[in-house]
Amino acid sequence: MIVATAIVDTHALLQLVYVSLIAGVGICVVYAVAVIGVTRSSERRRADRRAASALYAALATLAVAACGWAMVTGIAIMTKK
Amino acid sequence: MHSDLLIILVVATALAFDFTNGFHDTANVVATSISTRALSPRVAVTLAAILNFAGAFISLKVAATIATGIVDSGAVTMPIIFAGLIGASTWNLATWYFGLPSSSSHALIGGVVGAMIAANGTGAVQFGGLLGKVVIPAFLSPLLAFLVAGLGIVLTYRLVARLRPGPAGRGFRLGQIFSGGMLALAHGTNDAQKTMGVITLALVAHGDIAKDKFAVPHWVVISAASAIALGTYVGGWRIIRTMGTRIIKMDPAQGFTAQTAGAAVVLAASHVGFPLSTTHVMAGGVMGAGAGKRVSAVRWGVAGNMAIAWLLTLPAAAAVGATTYGATSLFGSGVLGPAIIATIAIVAIVVAMTRRARELAAQPAGAKS
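Values in this document were obtained by computation on a predicted structure and should not be read as measured data.

Calculation rules
Residues numbered from 1 in each chain as written. Chains lettered and ligands numbered in written order. Predicted model: local features only at pLDDT ≥ 70, side-chain atom pairs only at ≥ 80, totals over all residues. Helix = DSSP H or I, 4+ residues; strand = E, 2+ residues; numbered from the N terminus. Buried ≥ 20, exposed ≤ 12 C-beta atoms within 10 Å, placed from the backbone. Contact = placed C-beta atoms within 7 Å. Rg over C-alpha atoms; globule rule 2.2 N^0.38 Å. pLDDT = per-residue confidence, 0-100. Core = buried A, V, L, I, M, F, W, Y, C linked by C-beta atoms within 7 Å. Nonpolar A, V, L, I, M, F, W, Y, C, P; charged D, E, K, R; others polar. Expected span 1.5 Å × (residues − 1).

1. So, the overall build of chain A
Next, step 1: Within chain A, the secondary structure is distributed over 3 helices and 0 strands.
Next, step 2: Walking chain A from its N terminus toward its C terminus, one meets helices and strands in the order α-α-α.
Next, step 3: Expressed as a percentage of its 81 residues, the buried residues of chain A come to 30%.
Next, step 4: Counting only contacts in chain A whose residues sit at least 6 apart along the sequence, the fraction spanning at least 24 positions is 55%.

2. Thoughts on the overall build of chain B
Next, step 1: The number of helices and strands found in chain B is 12 helices and 0 strands.
Next, step 2: Taken from the N to the C terminus, the helices and strands of chain B come in the order α-α-α-α-α-α-α-α-α-α-α-α.
Next, step 3: Relative to the 2.2 N^0.38 estimate, which gives 21 Å for 369 residues, the radius of gyration of chain B is 20 Å and therefore close to what a compact globule would have.
Next, step 4: If you line up chain B on its principal axes, its C-alpha atoms span 70 × 50 × 35 Å.
Next, step 5: For chain B, long-range pairs separated by at least 24 residues make up 88% of all intrachain contacts whose partners lie at least 6 apart in sequence.

3. So, the confidence of the model for chain A
Next, step 1: Residues with a pLDDT of 70 or more make up 89% of chain A, whose mean pLDDT is 88.
Next, step 2: Summarising per-element confidence for chain A, the mean pLDDT is lowest in helix H1 (residues 2-7) of chain A (55) and highest in helix H2 (residues 10-46) of chain A (94).

4. Concerning the nonpolar core
Next, step 1: Formed by 135 residues in total, the largest nonpolar core has its most connected members in B:Val10, B:Ile81, B:Val198, B:Ala202 and B:Val265.
Next, step 2: For B:Ala202, the residues in contact, after removing those within four places along its chain, are B:Ile7, B:Val10, B:Val11, B:Met78 and B:Ile81.

5. Observations regarding the interface of chain B and chain A
Next, step 1: The interface of chain B with chain A comprises 37 residues on the first partner and 32 residues on the second.
Next, step 2: Taken together, the elements giving at least two residues each to the side of chain B that touches chain A come down to helix H6 (127-160), helix H7 (165-206) and helix H9 (252-272) of chain B.
Next, step 3: Top contributing element to the side of chain B that touches chain A by residue count: H6(B), with 13 residues.
Next, step 4: A per-class count over the side of chain B that touches chain A returns 25 nonpolar, 11 polar and 1 charged.

6. What to know about unusual backbone geometry
Next, step 1: Despite not being glycine, A:Asp48 has its phi angle at roughly 60°, a positive value.
Next, step 2: The class of A:Asp48 is exposed, set by 7 C-beta atoms lying within 10 Å.
Next, step 3: The phi angle at B:Arg37 is positive, at roughly 60°, despite the residue not being glycine.
Next, step 4: Locating B:Arg37 in the fold gives a position in the loop between helix H1 (2-35) and helix H2 (41-55).

7. Quick word on the environment of B:Trp310
Residues and elements named next belong to chain B.
Next, step 1: Considering the arrangement of structural elements, one finds Trp310 in helix H11 (residues 300-329).
Next, step 2: As for Trp310 and Ala253, which are separated by 57 residues in sequence, their C-alpha atoms are 28 Å apart.
Next, step 3: Excluding its chain neighbours within four sequence positions, the residues that come into contact with Trp310 are Ser103 and His280.

8. Quick word on the confidence of the model for chain B
Next, step 1: Across chain B, pLDDT averages 84, with 93% of residues at or above 70.
Next, step 2: With pTM at 0.83, the complex prediction returns an ipTM value of 0.89.

9. Focus: helix H10 (residues 278-293) of chain B
Next, step 1: An ideal rise of 1.5 Å per residue puts 22 Å on 16 residues; H10(B) measures up with 23 Å between its terminal C-alpha atoms.
Next, step 2: Extensive coverage of H10(B) is indicated by the burial of 14 of its 16 residues.

So, in structure tokens, the structure goes:
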């Protein structure tokens with residue numbers, strides 16, 4: 001067990017697992033929220049429910065911004081390394 | 001003089017390998033975007049080539065692993081690097097000829113390790129580094145991509161379940177422009193660095209770089225980035241011609257999830273310096289996105305073939321690398337041996353490609369791949 005820990009960089013391996021899970025699953029979920037926001041906003045606008053449409057549009061904007069932030073931050077962290 | 005000719009031959013072989021890496025892997029990067037009609041083939045290939053080029057400039061952590069963490073860089077000579085590259089290229093060519101899925105990255109590492117063992121014995125290989133930085137991450141990464149894509153698609157389907165398929169599909173197609181772009185960037189980052197690492201090792205052996213001071217010259221970064229981008233672009237046109245018969249059936253949400261999972265795993269691995277196989281990671285991502293919808297949708301037989309190829313690649317490329325080193329050393333330590341082997345390799349590549357092209361031309365249109 002001690003030999004295996006010495007050979008494998010456990011810290012780097014764990015970092016690979018949790019960064020991949022958080023970034024990969026997180027972006028999928030947040031982007032799905034953006035798709036919901038855009039679609040619902042469009043439906044509410046057609047039904048002339050302007051307040052609900054604006055709320056969904058704001059949700060979509062936030063979700064897209066979060067995805068963009070995640071992508072840019074990921075690249076920035078790598079370039080600084 | 002001989003030494004200068006040899007370094008030119010080694011760098012040219014490394015860049016040729018980098019070109020074939022881009023050529024081979026275009027399908028991994030663009031197939032999902034094209035099959036869901038998120039991007040036209042022309043735009044997908046052009047975007048992938050540009051982002052592959054850009055990705056090569058992001059990080060040098062993987063290049064450092066290749067140059068310093070797997071073999072004893074002080075014991076490396078140019079004929080060893082040359083033999084390793086020939087071992088990797090030969091294995092790539094053989095697996096391409098027989099249609100077996102294979103990883104260029106594992107072939108490259110296997111080839112260099114095999115040639116190193118033939119030249120200096122097992123003591124010159126850092127088996128701890130090989131196991132900890134290559135073998136274990138290589139085994140883990142497709143499973144991780146499968147898990148990320150599987151979880152991602154299950155949660156995505158739950159969230160968008162009540163939406164009409166048309167607007168939701170359009171939303172995910174738009175997202176695929178960015179997820180595909182990130183995947184191409186990740187591919188350029190991880191794969192181009194392997195060539196940079198190998199060229200850096202050759203420059204250390206040639207005496208251009210001090211062995212205790214790792215540094216990748218700018219011209220190496222630019223030439224490796226250009227070779228992989230050019231390979232991606234040229235390989236893309238072959239993909240476009242064959243897309244009619246090899247389309248992967250996915251919906252846009254699955255395509256987005258598979259690409260996001262692949263990009264996340266490859267970029268995270270590049271960040272910590274693990275040289276992964278993009279082929280295996282993307283296969284894991286695509287299978288995870290498929291299994292998340294319906295477990296029986298995954299072609300488990302293909303997964304089994306990939307696992308066998310994964311197990312074979314490192315030892316097979318190592319065996320070819322070791323044999324090539326043995327053959328070149330028959331002609332002494334000068335440029336003659338590598339020059340003869342390079343000539344034989346070029347002839348073998350031309351013969352294999354001509355034969356394969358003839359075989360494909362003789363097959364009925366629907367059976368071509």
